[in-house]
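Analysis of the macromolecular model
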Amino acid sequence: MAALTAENFDGAWIVQEVKDIDLQPFGELRFDFDNGTLYGSGPCRSFTTTFGPDVENLMFSPFDIGGGLCDEETMIVEREFLQQIGLVNRMDIGADGQLVMYNFDQPLLRAKRLDG
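Residue positions are given per chain, counting from 1 as you read along its sequence in written order. Local features in this predicted model are restricted to residues of pLDDT 70 or higher, and side-chain atom pairs are both shown and tallied only at a pLDDT of 80 or more, whereas totals for entire chains, interfaces and linings draw on every residue. Note that the side-chain values use all heavy atoms of the structure and ignore hydrogens as well as water.

A look at the pattern of salt bridges
By definition, a salt bridge exists where a carboxyl oxygen of Asp or Glu is found within 4 Å of a side-chain nitrogen of Lys or Arg. Under the definition given, this model contains 5 salt bridges. For the salt bridge of Arg45 with Glu78, the shortest nitrogen-to-oxygen distance reads 2.7 Å. Of the two residues, Arg45 is situated in the loop between strand S3 (37-41) and strand S4 (46-50) and Glu78 in helix H1 (residues 72-87); the sequence distance between them amounts to 33 residues. Burial classification: accessible surface area is computed with a 1.4 Å probe over protein chains only, and a residue below 20% of its type maximum counts as buried, one above 50% as exposed, and the rest as partly exposed. For Arg45, a relative accessible area of 23% translates into the label partly exposed. Look at Glu78 and you get buried, because its relative accessible area is 1%. The shortest N-O distance in the salt bridge between Asp105 and Arg90 comes to 3.6 Å. Residue Asp105 is found in the loop between strand S7 (99-103) and strand S8 (106-113), and its partner Arg90 is found in strand S6 (residues 90-93); the two are separated by 15 residues along the sequence. Taking relative accessible area as the criterion, Arg90 reaches 17% and is therefore assigned buried. A run of H or I in DSSP becomes a helix once it reaches four residues, and a run of E becomes a strand once it reaches two; helices and strands are each numbered from the N terminus.

Printed below as a string of structure tokens:
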């Protein structure tokens, strides 16, 4: 299989799981990849960051975070969510089509491609 590039991730994804974070209370968190840019939503605010073209040794930086406030507990969860994304240094698409973001060999986040 050919090496993945930023273009392989283009499109919309729904976050399924983030290491050590219960996402159930927040509904769907969405990522949209577009040519080396990641647009996303946390429980309270949106964010944008760039990466690539290499997805085997990357860094999401800098984060541009939109405005918005939530209750204190939700803001703490959002901070932890964004910190996990900041730790990502590699991405892959599994055989099942699921996006997996890693910190070295540790999976941090899983998402499924939004059909449509």
